[in-house]
Each structure stands twice: as C-alpha cells, then as structure tokens.
Amino acid sequence: MSLHPVSRDVFVRRTDLSGKSVVTQHLAWDSALFLASQVKQYHTDAKPEERQTVALATAAAYRDYRNSHKQGR
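Just so we're clear, the structure is a prediction, and the values are computed from it rather than from any experiment.

Novice: Would you mind going over the overall build of the protein chain with me for this structure?
Specialist: On a plain count of helices and strands, the protein chain comes out with 2 helices and 3 strands. Counting from the amino terminus, the protein chain carries its helices and strands in the arrangement β-β-α-β-α. At 14 Å, the protein chain has a C-alpha radius of gyration far larger than the 11 Å of a compact globule built from 73 residues. Each principal axis of the C-alpha atoms in the protein chain carries an extent, and together these give about 45 × 35 × 15 Å. By the burial criterion, 26% of the 73 residues in the protein chain qualify as buried. Long-range pairs, those at least 24 residues apart, make up 45% of the contacts in the protein chain with a sequence separation of at least 6.

Structure (structure tokens):
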C-alpha cells in the first residue's frame, strides 16, 4: 500500500480578457482541489483587469497548444 495518494496529470486552460488562452499541464493528487485553487488564484483573487477564466482541458488540447507554440519559435 502506498503512503501517498496517486497523482495524475491535470490539464488546465486559462483564458484572459482578450481571449488569449494558455493550456498547462500539472501533476496533482486531487484534481478538483487543484482546479479550485487555480480559479481562486487567477479569477477570484485576481485584480479585475488580470482575471482569467479557468477550465479543465484535455491532454489532446495541451499537445495541440504545445505543438502550435513550438512552430512559432
């Protein structure tokens, strides 16, 4: 039996007020708690002009985001 909870990948899409999105990958033990903390950080506690919407994303969305930004380098 493991002493630690099983962690898993969580993919998050943050979209700013201008509509620009960022998709990130995180390793979390509790995905719901992690998502709630992201909402608190980037929406609830953020200054009105810095607020972002936060939503779960998929691994495919993360790969697409990464691939599209690698090509632009």
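Novice: Explanation requested: the pattern of salt bridges in the structure shown.
Specialist: Opposite charge on two side chains permits them to pair, given that their charged atoms come into close proximity. In this structure the tally under the stated criterion is 1 salt bridge. Across the salt bridge formed by Lys-40 and Asp-45, the nearest N and O atoms sit 2.4 Å from each other.

Novice: Honestly, the pairing of strand E1 (residues 8-15) in this entry has me stumped. Any pointers?
Specialist: With 8 bridges joining them, E1 and strand E2 (residues 21-28) adopt antiparallel strand pairing. From the neighbouring strand, Asp-9 faces E2, where its bridge partner is Leu-27. Joining the antiparallel neighbours E1 and E2 is a turn of 5 residues, in which Gly-19 adopts a positive phi near 100 degrees. Bridging between E1 and strand E3 (residues 53-56) involves 4 bridges; their strand directions are antiparallel. Bridge assignment links Thr-15 to a residue of E3, and that residue is Thr-53.

Novice: Looking at this structure, I do not really get helix H1 (residues 31-44). What am I missing?
Specialist: For an α-helix, 3.6 residues make a turn, and residues three or four places apart therefore share a direction. With 14 residues, H1 should cover 20 Å at 1.5 Å per step; its first-to-last C-alpha distance of 18 Å lies within 8% of that length. Listed in full, the buried residues belonging to H1 are Ser-31, Phe-34, Leu-35 and Gln-38. The buried residues of H1 all sit within an arc of 95 degrees when viewed along its axis, so they share a single face. Opposite its buried face, H1 presents the exposed residues Ala-32 and Leu-33, each directed more than 90 degrees away. Structurally, H1 contributes buried residues whose contacts are with E1, E2 and E3.

Rules and cut-offs
- Here, residues in each chain are numbered from 1, in the same order as that chain's written sequence.
- Given that the model is predicted, a residue must reach a pLDDT of at least 70 before its local features are reported, and side-chain atom pairs must reach 80 or more before they are shown or counted; all residues, however, enter totals for whole chains, interfaces and linings.
- Only hydrogens and water are set aside; all other atoms, that is, all heavy atoms of the structure, feed into the side-chain values.
- Under the scheme used here, helices are H or I runs from DSSP no shorter than 4 residues and strands are E runs no shorter than 2 residues, and both carry numbers assigned from the N terminus.
- Atoms counted for the radius of gyration: C-alpha only. Globule rule: 2.2 Å times residue count to the power 0.38.
- Buried means the residue's accessible area, taken with a 1.4 Å probe over protein chains only, is under 20% of the maximum for its type, while exposed means over 50%, and partly exposed covers the values in between.
- We call two residues in contact when some of their heavy atoms are within 4.5 Å.
- Just to be clear on terms, a salt bridge is a Lys or Arg side-chain nitrogen sitting within 4 Å of an Asp or Glu carboxyl oxygen.
- Two strands qualify as a pair provided DSSP detects at least 2 bridges between them.
- Each residue after the first adds 1.5 Å to the expected span of a helix.
- Directions from the helix axis toward the C-beta atoms define the arc.

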